Amino acid sequence: SPIVPTVSPVCEGEPVSIAVSSPPAGMIYNWYNKTQTLITGVSSPAYAPTNLPAGTHDFYVATSRNGCSATESEKVKITVNINPKPPTPIIQRIN
């Protein structure tokens, strides 16, 4: 199974990148969303989800060997925490 380091929380609107630690050569990386549905178009050891709203988001990654697409490692869960944007200050006139 791939090894994925802990992902530090980021603020809403900031870029997020999750990656496999020390990825071995010759592997295909399959990334999945929270419902464990394959995210198409991503097969590298790094994934950068976009437009994540504030909250907790789970992703999964598994590996398969090039030419052995029917055999996949166990999925590893990665949790990404997105902090909400700070509130807009309210300006009041003081008489």
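Residues numbered from 1 in each chain as written. Predicted model: local features only at pLDDT ≥ 70, side-chain atom pairs only at ≥ 80, totals over all residues. Heavy atoms only, no water.

Colleague: In this structure, what is going on with the nonpolar core? I would like to understand it.
Modeller: What tends to happen in soluble globular proteins is that the nonpolar side chains get buried as a cluster. One finds Ile18, Trp31, Tyr47, Phe59, Val61, Ile78 and Val80 to be the most contacted residues of the largest nonpolar core, which totals 17 residues. Those elements that place two or more of their residues in this core are strand E3 (27-32), strand E5 (55-65) and strand E6 (76-83). Each residue touching Phe59, except ones within four places of it in the same chain, is listed here: Ile18, Tyr32, Asn33, Ile39, Tyr47, Pro49, Leu52, Val76, Lys77, Ile78 and Val80. (Core = buried A, V, L, I, M, F, W, Y, C linked by side-chain atoms within 4.5 Å. Buried < 20%, exposed > 50% of the residue type's maximum accessible area, 1.4 Å probe, protein only. Helix = DSSP H or I, 4+ residues; strand = E, 2+ residues; numbered from the N terminus. Contact = heavy atoms within 4.5 Å.)

Colleague: It is not clear to me how the environment of Asp58 should be interpreted in this structure. Could you clarify?
Modeller: As for its placement among the helices and strands, Asp58 is situated in strand E5. For the pair formed by Asp58 and Lys77, sequence separation is 19 residues and the distance between their alpha carbons is 6.7 Å. Each residue touching Asp58, except ones within four places of it in the same chain, is listed here: Asn33, Lys34, Lys77, Ile78 and Thr79. A polar contact of 2.8 Å, which involves the side chain of Asp58, links it to the side chain of Thr79. (Polar contact = N/O pair within 3.5 Å; in protein donor to acceptor, adjacent residues only side chain to side chain.)

Colleague: Is there a simple way to explain the environment of Tyr60 in this structure?
Modeller: Secondary-structure assignment places Tyr60 in strand E5. A sequence separation of 28 residues divides Tyr60 from Tyr32, and the C-alpha atoms of the two residues are 4.9 Å apart. Once residues within four sequence positions are removed from consideration, Tyr60 is found in contact with Asn30, Trp31, Tyr32, Asn33, Lys34, Gln36, Lys75, Val76, Lys77 and Ile78.

Colleague: Just checking my understanding: could you explain the pattern of salt bridges for this structure?
Modeller: Any two side chains of opposite charge can pair if their charged atoms end up close together. What the rule picks out here adds up to two salt bridges. Between Asp58 and Lys77 there is a salt bridge; the shortest N-O distance is 3.6 Å. A residue pair is termed long-range when its members are at least 10 positions apart, and Asp58 in strand E5 and Lys77 in strand E6 qualify at 19 residues. The salt bridge involving Glu72 is made with Lys75; its shortest N-O contact spans 3.9 Å. (Salt bridge = Lys/Arg side-chain N within 4 Å of Asp/Glu carboxyl O.)

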